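# A closer look at the structure
Single-letter residue listing:
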Amino acid sequence: MPHDHSDHLSPSGHPYRADNDEPLSYWQTMEIAVRELLIEKGVSTAAEINAQIDAMDARSPADGAQVVARAWTDPAFRERLLANGSDACREMDFDIGALQLIAVENTRDTHNVIVCTLCSCYPRNLLGLAPDWYKSREYRSRTVKEPRKVLSEFGVTLPDTVQIRVHDSTADMRYVVIPARPDGTDGWSAEALAKLVTRDSMIGTGLAKTP
Amino acid sequence: MATPMGKPPVAKPQRVRVKTMMPPGHIRTPAYLRGKTGWIERQLGPFGNPEQLAYGLPGEELTLYRVRFSMAEIWGDQAERPEDTLDAEIYEHWLEPV
């Protein structure tokens, strides 16, 4: 390490971060052991495991945005999505595996927001991995009790005339919010509309972007 | 026949209460809803009982209900806006008719 600056700050003025040299945790060791056993016993190959990780990393909120944009532009698809979220996503050729999806729709009078108080259930087979805050104890405990305050901290202030529906994802279903279609988008293509649909708008902690 | 994705809500909502039992183990019924009364939003399942599946046991197939509660029912005077609602999925053996 150079000697002409503080030991605590890098030349660019940021604190040095400790290297992650700590020993493996119990569960990290368990994960490695199970993975190696699966490979040694011929249940899976390393390539298959990597392909699964790649497939999960390839999923992103952009997939959900396409589903929402189609629901905004295709009334028959919207009906199918509300009736059976999983089948509607499969119809669009998204590889969602065993995901059991319920789509809930924001309207002029109703705003939906999704939380999992028990753990961190999230429709990751459609939207990719959950944001870190979604798994935080604070988001999980406060959203069921003071959703309006939580939403206002996300920059979403709802009038008292709008009813909030909180969905606690406690068991087998996963949820996606169909945000309200922004004003001023009449005649837009689904492709253009999809760019307005954010991850947070599909969790309910945000609104779709306005043009 | 029950479908995994549920049925449309019935005309007259059926009121149910979440049992107040506190068994140990892998439970998918949040403690803050125990003893609370809501109404069935839709019926789902059947799904294997997670309280058995979590321990490698064959899970008994159970009906899962989406139950809707008012915030007033859950939080009483502390509700942020009493008319707001919360939906949760509750397995049939946790519900009793009201």
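No experiment lies behind these values; they were computed from the predicted model shown.

### Points about the sheet that holds strand β2 (residues 37-48) of chain B
With mixed pairing, seven strands are arranged side by side in an open sheet as β2(A)-β3(A)-β4(B)-β3(B)-β2(B)-β1(B)-β5(B). Two strands in the sheet have a free side with no partner beyond their single neighbour: β2 (110-115) of chain A together with β5 (95-97) of chain B. For this sheet, the mean inter-axis angle between neighbouring strands, taken without regard to orientation, is 35°. Across three bridges, the pairing between strand β1 (residues 15-18) of chain B and β5 of chain B is antiparallel. Bridge pairing in β5 of chain B places R17 of chain B opposite E96 of chain B.

### Concerning unusual backbone geometry
Of note, the amide linkage connecting G45 of chain B to P46 of chain B takes the cis form, showing an omega dihedral of 10°. You can see P46 of chain B is positioned in strand β2. Even without glycine at this site, D93 of chain A takes up a positive phi of about 70°. Here D93 of chain A shows up in the loop between α5 (85-91) and β1 (101-105). Judged by its relative accessible area of 72%, D93 of chain A falls in the exposed class.

### With respect to the pattern of salt bridges
For side chains bearing opposite charge, pairing can occur when the charged atoms are close. Residues and elements named next belong to chain A. This structure, assessed with the given rule, holds 24 salt bridges over all chains. The partner of E91 in a salt bridge is R70, and the shortest N-O contact between them spans 3.4 Å. Highlighted residues: E91 in helix α5 and R70 in helix α3 (residues 61-73), separated in sequence by 21 residues. By relative accessible area, which is 23% here, R70 ends up partly exposed. A salt bridge links D160 to R148; the shortest N-O distance between them is 3.9 Å. Of this pair, D160 sits in the loop between α8 (147-153) and β3 (163-168) while R148 sits in helix α8; the two residues are 12 residues apart in sequence, bridging distant segments of the chain.

### Considering the interface of chain A and chain B
The partner chain B presents 26 residues to the 33 residues of chain A that form the contact. Of the roughly 2,500 Å² buried at the junction of chain A and chain B (both faces included), carbon and sulfur atoms supply 48%. At the junction of chain A with chain B, the criterion picks out two salt bridges. In this structure, the connection of chain A to chain B is made through 22 residue pairs in polar contact (both at pLDDT 80 or more). Sorting the residues of the side of chain A that touches chain B by element identifies α4 (75-83), α5, β1, α8 and β3 of chain A as the ones contributing at least two each. Of the residues forming the side of chain A that touches chain B, the biggest block, six residues, is contributed by β3 of chain A.

### A short note on the side chain of R66 of chain B
Take R66 of chain B: it is sitting in strand β3 (residues 61-70). Here the side chain of R66 of chain B touches H167 of chain A through a polar contact of 3.1 Å, side chain to side chain. Side chain to side chain, R66 of chain B and Y175 of chain A meet in a polar contact 2.7 Å long.

### Details of the packing of aromatic side chains
Residues and elements named next belong to chain A. Overall, the coordinates contain eight aromatic pairs over all chains when judged by the stated rule. For the ring pair W133 and Y134, a centre distance of 6.3 Å and an interplane angle of 65° mean the geometry is edge-to-face. The partly exposed category is assigned to W133, whose relative accessible area is 22%. For the ring pair Y134 and Y139, a centre distance of 5.7 Å and an interplane angle of 35° mean the geometry is tilted. Three or more aromatic residues joined by ring pairs form one cluster here, namely Y122, W133, Y134, Y139 and F154.

### With respect to the packing of α3 of chain A against α4 of chain A
Residue and element names in this part refer to chain A. It is at 5 Å that the axes of α3 and α4 come closest, and there the two elements cross at 125°. Comparing their axes, α4 and α3 come out oblique. Note on packing geometry: the crossing formed by α3 with α4 is left-handed. Taking contact as the criterion, the partners of V67, R70, A71 and T73 in α3 are, on α4, P75, F77, R78, R80 and L81. Each residue belonging to the contact of α3 with α4 can be placed in one class, and the counts come to five nonpolar, one polar and three charged.

### What about the pairing of β1 of chain A?
Residues and elements named next belong to chain A. Burial runs high along β1: four of the five residues are buried. Two elements, β1 and strand β4 (residues 174-178), share five bridges in a ladder whose sense is parallel. Within β4, the position partnered with E105 by the bridge is I178.

Conventions used here
Residues numbered from 1 in each chain as written. Chains lettered and ligands numbered in written order. Predicted model: local features only at pLDDT ≥ 70, side-chain atom pairs only at ≥ 80, totals over all residues. Heavy atoms only, no water. Pairing = 2+ DSSP bridges. Helix = DSSP H or I, 4+ residues; strand = E, 2+ residues; numbered from the N terminus. Axes fitted to C-alpha atoms, helices over the stretch in contact; angles between N-to-C directions. Buried < 20%, exposed > 50% of the residue type's maximum accessible area, 1.4 Å probe, protein only. Salt bridge = Lys/Arg side-chain N within 4 Å of Asp/Glu carboxyl O. Contact = heavy atoms within 4.5 Å. Buried area = accessible area lost by both parts, 1.4 Å probe. Polar contact = N/O pair within 3.5 Å; in protein donor to acceptor, adjacent residues only side chain to side chain. Phe/Tyr/Trp six-rings, centres within 6.5 Å; stacked < 30°, edge-to-face > 60°. Parallel < 35°, antiparallel > 145°, perpendicular 65-115°, else oblique. Left-handed = near helix turned anticlockwise from the far one by under 90°. Nonpolar A, V, L, I, M, F, W, Y, C, P; charged D, E, K, R; others polar.

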